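A closer look at the structure
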Amino acid sequence: MSNLKLNEKKDDLKKKSEKPFRGDEITVDDILLDIFSQRAQSTFLEDEKVLYAEDYFADNDIDIKQIDSFDLIYRLAPFNYLLDQLIQRCVEEIKKTKNAITLINFGIGKGKLEELLLNSLEKEDQARVNIIGIDIDDSSLKIAQSCIEKKSKKSSFYSISSPIERMTNKEWVQIKQWAKNSLVIAVSVLSLHHIKKQHDRLRALCNIHFWLKPQKFLLLEADTDHFTHDYNQRIINCRHHFGAVFNIISKQHEFGIYTLEEMQILCRFFFRREMEDILNIDEDARLEKHQPIDVWKRMIKDAGFSLHDAPSKKPKISFFDIHHNLGIYTSHDGVGVLGLIEASGTSGIIPLQQIHICKDKKIEKKSMIDLSKNECESILIQEKIAMDFSGIL
């Protein structure tokens, strides 16, 4: 959807809001009260089509795609900062070599990251970069392809329309073939938390490592726990996390970075929809299952990657705090917001691609990608990933 069409929907959004728009006084508690009211009236969505069908991309009443309103997130201070850090690391890796580069984006969306990356490269470097996009939305993949072709006519673009956890071995082999004889950089931005089960997340990370052995793997995700089955704790985590996000947006509005209408789109539509998913969708169907950055780090390490830490400069005007610990963490008033993890798949410290499974008192050597659900769960429990998995997997 174009910015013009998005603007045309703003008035509709204000009219359809359950509460009158009150300028910058948009609070998480307002939205939580509306969500609990919906829950009491049993008006929330219940089926699994929320992510894998058009219902996820277009609201039935307002007709604004979630993925289109996501464009406003690129100005959200911590996201903008971490995305810039991610792009810088890609550029540094590309400039280290004269070889061909394959950038693989799991959750490419409309190719905004690729557009920013290509803008950061000289033309001769652009020509060496081929891009593979993985996404569940065919229309977004087409937009991404068009965007990339306009930026660099010499770059090749390939795509697969599938959730990463449902990709077949044939599709992984195809990606490996596309990336043949090139240095691989793999990235994922606010996408992998949509994988519903922990064993599927571990398997997806292991597939990335096993098939691609990326020189660099960069993961940008929210730093909070909306995965927990404890509903009361999920409410608390949701309130704290989005409260911090809303405060940052409010401060950015004071600096003229967001208009009142854009705040309305973000807070009363985009983030409200995420909160509804976290608190009102059935456990088996909900998708916004964010987990702490420390948990992602442990899973990435268990998948065979080696973690790296790189210093980053704090922006001149900051609306958030930054700290480093094998990753970049952003927070607001002590509450985690987003984090960036940098890893390499070429020299993993704890490779799980070949592990020994004790079965019927016999030691059996198996590939990680061929493990059963129960075997994945056993590994996760044995490794004691920074959270209680009992009743979660």
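Residues numbered from 1 in each chain as written. Predicted model: local features only at pLDDT ≥ 70, side-chain atom pairs only at ≥ 80, totals over all residues. Heavy atoms only, no water.

**Thoughts on the overall build of the protein chain**
Which entries qualify depends on this criterion: Numbering of helices and strands runs from the N terminus, with a helix taken as a DSSP run of H or I at least four residues long and a strand as a DSSP run of E at least two residues long. Note on exposure labels: buried denotes an accessible area under 20% of the residue type's maximum, exposed denotes more than 50%, and partly exposed covers the range between, all computed with a 1.4 Å probe on protein chains only. Pairs of residues are marked as contacts when any of their non-hydrogen atoms sit within 4.5 Å. Note that accessible areas follow from Shrake-Rupley with a 1.4 Å probe, and for residues the cover is restricted to the protein chains shown.
When helices and strands are counted, the protein chain shows 16 helices and 11 strands. The 393 residues of the protein chain split such that 55% are buried. In the protein chain, 78% of the contacts between residues at least 6 apart in sequence involve partners at least 24 apart. For the protein chain, the computed accessible surface area is about 17,700 Å², with 47% contributed by carbon and sulfur atoms.

**Brief notes about the packing of aromatic side chains**
Condition: Geometry of aromatic contacts follows a simple scheme: Phe, Tyr and Trp rings, the Trp one being its six-membered ring, pair when their centres are within 6.5 Å, and the pair is stacked under 30 degrees between planes, edge-to-face over 60, tilted otherwise. We call a charge positioned above a ring when the Lys NZ or Arg CZ atom is no farther than 6 Å from the ring centre and deviates by at most 35 degrees from the ring normal.
Tallying each qualifying case throughout the model produces 10 aromatic pairs. Aromatic side chains Tyr158 and Trp178 sit 4.8 Å apart centroid to centroid with 15° between the ring planes, which places their arrangement in the stacked category. Of this pair, Tyr158 sits in strand β3 (residues 157-161) while Trp178 sits in helix α11 (residues 169-178), and the two are 20 residues apart along the sequence. An aromatic cluster is defined as three or more aromatic residues linked by ring pairs; in this entry it consists of Phe242, Phe246, Phe270 and Phe271. Its guanidinium or amino end placed over the ring of Phe227, Lys289 lies 5.3 Å from that ring's centre, counting from NZ or CZ.

**Quick look at the packing of helix α13 (residues 231-254) against helix α14 (residues 260-280)**
Put simply, the test is: Structural elements are reduced to axes, namely lines fitted to C-alpha atoms, with helices fitted over the stretch in contact, and the angle between N-to-C directions of any two is expressed from 0 to 180 degrees. Orientation is classified from the angle alone, with under 35 degrees giving roughly parallel, over 145 giving roughly antiparallel, 65 to 115 giving roughly perpendicular, and any other angle giving oblique. Residues are grouped as follows: Ala, Val, Leu, Ile, Met, Phe, Trp, Tyr, Cys and Pro are nonpolar; Asp, Glu, Lys and Arg are charged; all remaining types, including Gly, are polar.
It is at 11 Å that the axes of α13 and α14 come closest, and there the two elements cross at 170°. The orientation of α13 with respect to α14, classified from their angle, is roughly antiparallel. Note on element contacts: α14 touches α13 through Leu260, Met263, Leu266, Cys267, Phe271, Glu274, Met275, Ile278, Leu279 and Asn280, opposite Tyr231, Arg234, Ile235, Cys238, Phe242, Val245, Phe246, Ile249, Ser250 and His253. Residues belonging to the contact of α13 with α14 are distributed by class as follows: 15 nonpolar, three polar and two charged.

**Description of the nonpolar core**
Spelled out, the test is: We call a set of buried residues a nonpolar core when its members are Ala, Val, Leu, Ile, Met, Phe, Trp, Tyr or Cys and they connect through side-chain atoms within 4.5 Å of each other.
With 65 residues, the main nonpolar core has Phe79, Leu86, Leu220, Ile249 and Phe271 as its most contacted residues. Ranked by residue count, the leading element in this core is helix α7 (residues 77-95), at 10 residues. Those residues in contact with Phe79 that sit more than four places away from it in its chain are Phe70, Ile73, Tyr74, Val189, Leu190, Leu220 and Leu338. In this structure, Ile104, Ile134, Ile300 and Ile341 belong to the second largest nonpolar core, which totals 34 residues.

**So, the pairing of strand β7 (residues 321-324)**
The condition that has to hold: DSSP-based pairing: two strands are paired if at least 2 bridges between them are found.
Here four bridges tie β7 to strand β8 (residues 328-332), and the two strands are oriented antiparallel to one another. What sits directly across from His324, in β8, is Ile328. Between β7 and β8, which pair antiparallel in sequence order, lie three residues; one of them, Leu326, sits at a positive phi of approximately 50°.

**Examining the packing of helix α12 (residues 198-212) against helix α15 (residues 293-302)**
Convention followed: In this scheme, a crossing is called left-handed if the near helix is turned counterclockwise away from the far one by less than a right angle; it is called right-handed if the turn is clockwise.
Look at α12 against α15: their axes get within 9 Å of each other, and the N-to-C directions meet at 50°. The angle between α12 and α15 falls in the class oblique. The element α12 and its partner α15 pack so that their crossing is right-handed. Where α12 abuts α15, its residues Gln198, Arg201, Leu202 and Leu205 lie against Trp296, Met299, Ile300 and Asp302. A class-by-class count of the residues in the contact of α12 with α15 yields five nonpolar, one polar and two charged.

**Structural notes on the side chain of Asp34**
Definition in use: Whenever two N or O atoms come within 3.5 Å, that pair is a polar contact, provided that in protein one can donate a hydrogen and the other can accept it, and provided that, for residues adjacent in sequence, both atoms are side-chain atoms.
Here Asp34 is to be found in helix α3 (residues 28-40). A relative accessible area of 7% places Asp34 in the buried class. At a separation of 3.4 Å, a polar atom in the side chain of Asp34 contacts the side chain of Arg272.

**With respect to the environment of Lys297**
Along the chain, Lys297 falls in helix α15. As for Lys297 and Ala343, which are separated by 46 residues in sequence, their C-alpha atoms are 9.0 Å apart. With residues up to four places along the chain from it excluded, the contact list for Lys297 reads Leu307, Asn325, Leu326, Tyr329 and Ile341. In this structure the side chain of Lys297 is engaged in a polar contact, spanning 2.9 Å, whose partner is the side chain of Tyr329.

**Focus: unusual backbone geometry**
With a phi close to 45°, Lys213 is a non-glycine residue in the positive phi region. Structurally, Lys213 is set in the loop between α12 and β5 (216-222). Judged by relative accessible area, Lys213 falls into the partly exposed class, the value being 39%. One non-glycine residue, Leu326, lies in positive phi territory at about 50°.

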